[in-house]
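# Working through the structure, step by step
The residues making up each chain are set out below.
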Amino acid sequence: MSEALAVVETAGTGTSVPAVSGARQFWRRLRAQRAALVAAAVVALLVLVALAAPLLTALEGQDPTTYHPTLIDSARGGVPIGSFGGVSADHWLGVEPQTGRDMFARLVYGARVSLGVALAATVVQVAIGVAVGVASALGNRWVDQLLSRATDIIVSMPLMIMSLALLAIVPSSFPRPVLVTLVIGLIAWGTIAKIVRAQTLSLKGLDYVSAARLSGWGTWRIARRELLPGLAAPVITYAALLVPMNISVEAALSFLGVGVKPPTPSWGQMLTAADVWYQAAPQYLLLPAGALFVTVLALTVLGDGVRTALDPRAASRLRVGTGRKAATGAGNAAGTATEKEASA
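Quick notes on the rules
- Residues numbered from 1 in each chain as written.
- Predicted model: local features only at pLDDT ≥ 70, side-chain atom pairs only at ≥ 80, totals over all residues.
- Heavy atoms only, no water.
- Helix = DSSP H or I, 4+ residues; strand = E, 2+ residues; numbered from the N terminus.
- Buried < 20%, exposed > 50% of the residue type's maximum accessible area, 1.4 Å probe, protein only.
- Contact = heavy atoms within 4.5 Å.
- Core = buried A, V, L, I, M, F, W, Y, C linked by side-chain atoms within 4.5 Å.
- pLDDT = per-residue confidence, 0-100.

### Some remarks on the side chain of Gln283
Take Gln283: it is sitting in helix 12 (residues 282-310). By relative accessible area, which is 18% here, Gln283 ends up buried. In this view, Gln283 contacts Phe84, Gly85, Met103 and Pro288; residues no more than four positions away in its chain are not counted.

Laid out in structure tokens, this is it:
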């Protein structure tokens, strides 16, 4: 899209200054939301912990797969020896019941699996959804009908049931994190395809797209140069909300026993093994559940903040409301002054 330098007239002067760019407006609106900034900090910390999992476990001197049978009480059914689940200088968050594997190591490595699967599945969903949505909006009537009906079928499919069916029939030798990523990504792209199609249809009627078409540009060049930049805001907004949803789906699949398999740690897989220990060793259940809750909550708040920051109507509504209030206040003040002068 040919971009012109937008200018605004400074109040009370005849000078013109460049308008604030879209990126600067986005960051300004995002910084104004304290909850979104806190959520972004939490998400950044979680990603850093996931990436630095080998370093953190090396500092602790443990790994997520080694058994420590001497740290559990076999006479009590495998409950960890010591207080708070066996917390010590060597095991910062204690050990697992029955196995004695280090909880801290499994928790940080589980973050890598849960976050990695969710982010990768979101990328697959966005790629397929954008491709199908743009092709449907720019294609002829038959292409649009075919892709729209296919999208309707995908949207109507129950994600959990289809995932359970596909994961159950795939051989166990296939890497489970990759399989879960592909299953989620290939089943749940329908909604974003509908959003992209509707947005593309609205962008097709704009003047700059018509000008590009009249200048002789091809359909896919117009899509790449003119339409995709306009689709960035709704796609980013929806993708930010897809990540916590995909984390929950991965945890649910692992909890049901068809997701990530042991000994690979995953928060959902850890919850699967912890459901019978909530009384004898409650921290075994609370640690992965708490990590999952904090991650999903932070990503949801951040996604909502991104949606608000990318919505140009949010700031305009504030400005219009402020202007109306200011104008009303000025009118009331002028009316009061006039009444006083008349009475005098």
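### Considering the nonpolar core
One finds Ile247, Trp267, Tyr284 and Leu292 to be the most contacted residues of the largest nonpolar core, which totals 31 residues. Counting residues per element, the ones that place at least two in this core are helix 1 (22-31), helix 2 (34-51), helix 4 (103-138), helix 10 (219-255), helix 11 (267-274) and helix 12. Ranked by the residues each element gives to this core, the list is headed by helix 12, at nine residues. Other than its neighbours up to four places away in sequence, Tyr284 contacts Glu96, Pro97, Met103, Met270, Ala273, Ala274 and Trp277. Among the nonpolar cores identified, the runner-up in size contains 16 residues, and Val126, Val209, Ala223 and Leu227 belong to it.

### Let's talk about the environment of Arg197
Among the secondary structure elements, Arg197 is positioned in helix 8 (residues 190-204). Arg197 gets classed as partly exposed once you look at its relative accessible area, which sits at 27%. Considering only alpha carbons, one finds Arg197 and Leu231, 34 residues apart in sequence, at a separation of 9.8 Å. When residues no more than four places from it in sequence are discounted, the contact partners of Arg197 are Gly133, Ser136, Ala137, Asp144 and Ser148.

### Notes on the confidence of the model for the chain
Looking at the chain, the pLDDT average stands at 81 and 84% of residues meet or exceed 70. Contacts from residues 1-20, a stretch scored under 50 in pLDDT, to residues over four places away or in other chains number 20 contacts. Per-residue pLDDT stays below 50 along residues 337-342; that stretch engages in zero contacts with residues further than four places along the chain or on separate chains.

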